[in-house]
Amino acid sequence: AGYGIDLSASYALSNGHTYWLGGANGDNGAVYIVYANRADGRIYYPATPNQRWEASAWLNPHRCSARVVIAFMDGNGNALTTVASSNVVNNDSNGSDLTGYKRVGCFALAPGGTVFVRIQIEAYANGQGSPYLFFTQPHLGVALPNQAELSPWSPGGGQMAKLNSG
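Residues numbered from 1 in each chain as written. Predicted model: local features only at pLDDT ≥ 70, side-chain atom pairs only at ≥ 80, totals over all residues. Heavy atoms only, no water.

Glancing now at unusual backbone geometry. A positive phi is found at D6, a non-glycine position, where the angle reads about 55°. Locating D6 in the fold gives a position in the loop between β1 (2-5) and β2 (19-22). Looking at D6, the relative accessible area reads 23%, which means it is partly exposed. Here N50, not a glycine, exhibits a phi torsion of approximately 70°, which is positive. With respect to the helices and strands, the residue N50 is situated in the loop between β4 (45-46) and β5 (52-62). (Helix = DSSP H or I, 4+ residues; strand = E, 2+ residues; numbered from the N terminus. Buried < 20%, exposed > 50% of the residue type's maximum accessible area, 1.4 Å probe, protein only.)

Next comes the structure, spelled out in structure tokens:
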């Protein structure tokens, strides 16, 4: 599996950047996860119990399904719970224009014991060979108490980095 930014001109936004995550033929059932890596190198952000969060991204999965996940952790970095968006399956659209992507996201209330939160972008290989996920504009932020719509995206200080594959 590999990952990076702007795989080719066909899969790089003309007015921005596109992250990609790719697997190998025969990766049926494999899960690939990437997460936000803050400018200071940490993989998570401070959070408190009962704080409401939102996460979103524009996804364009090819030969796989993908989703956005909010993961809450305790003070030792142990997972407490995760909340996921709906899946986007085999979108296979043009990667150079945002209209070829689907924006998905979710809201979640931090459980008791929460000290940290992070956004994860997950792709699930489905056996069609050479699965790729292209995604852009990931967002993680504190949500308003009654917020029902995802916040507009704006550039931030984080970068995406590979967490796990297999």
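With that settled, consider empty space enclosed by the protein. One pass over the structure, following the stated rule, counts 1 cavity of 30 Å³ or more. Taken as a whole, the largest cavity holds about 30 Å³ of empty space. Lining the largest cavity are L21, G22, G23, Y32, C64, A123, P131, Y132 and L133. Breaking the lining of the largest cavity down by element, the ones donating at least two residues are β2 and β11 (132-142). Partitioned by chemical class, the residues of the lining of the largest cavity number 7 nonpolar, 2 polar and no charged. (1 Å grid on protein atoms, 1.4 Å probe; cavity = no way out; pocket = protein on both sides within 12 Å on 5 of 7 lines; lining within 4 Å. Points joined across faces, edges and corners; volume = space filled by probe spheres on them. Nonpolar A, V, L, I, M, F, W, Y, C, P; charged D, E, K, R; others polar.)

Right, let's get into the environment of D97. With respect to the helices and strands, the residue D97 is situated in the loop between β8 (88-89) and β9 (102-109). Overall, the relative accessible area of 38% leaves D97 in the partly exposed class. The sequence separation of D97 and Y11 amounts to 86 residues, and the corresponding C-alpha distance is 8.6 Å.

Further remarks concern the nonpolar core. L59, V68, I70, F72, I121, L133 and F135 are the most contacted members of the largest nonpolar core, which has 26 residues in total. Looking at this core, the elements that each hand over two or more residues are β2, β3 (31-37), β5, β6 (64-73), β9, β10 (116-125) and β11. Filtering out sequence-adjacent residues up to four positions away, L59 remains in contact with A66, R67, V68, V88, N91, Y101, K102, V104, I121, L133, F134 and F135. (Core = buried A, V, L, I, M, F, W, Y, C linked by side-chain atoms within 4.5 Å. Contact = heavy atoms within 4.5 Å.)

On to the pairing of β2. Burial of β2 is two-sided: the residues Y19 and L21 facing one way and the residues W20 and G22 facing the other way are all buried. Note: β1 against β2, 4 bridges, orientation antiparallel. The residue bridging G4 from the neighbouring strand is W20, located in β2. Relative to β11, β2 runs antiparallel, the two being bridged by 4 bridges. In the sheet register, Y19 faces β11, and the bridge partner there is F135. (Pairing = 2+ DSSP bridges.)

Here the focus is the confidence of the model for the chain. When pLDDT is averaged along the chain, the result is 84; 84% of the residues meet or exceed 70. Confidence scores differ between elements of the chain, with strand β12 (residues 159-165) showing the lowest mean pLDDT of 48 and β9 the highest of 96. (pLDDT = per-residue confidence, 0-100.)

All told, the structure shown has 1 salt bridge when counted by the stated rule. Linking R67 and E122 is a salt bridge whose minimum nitrogen-to-oxygen distance equals 3.0 Å. On the criterion of sequence distance, the pair formed by R67 in strand β6 and E122 in strand β10 is long-range, its members being 55 residues apart. (Salt bridge = Lys/Arg side-chain N within 4 Å of Asp/Glu carboxyl O.)

This brings us to the side chain of T136. Mapped onto the fold, T136 is located in strand β11. Look at T136 and you get buried, because its relative accessible area is 3%. Filtering out sequence-adjacent residues up to four positions away, T136 remains in contact with L13, H17, T18, A57, W58, L98 and Y101.

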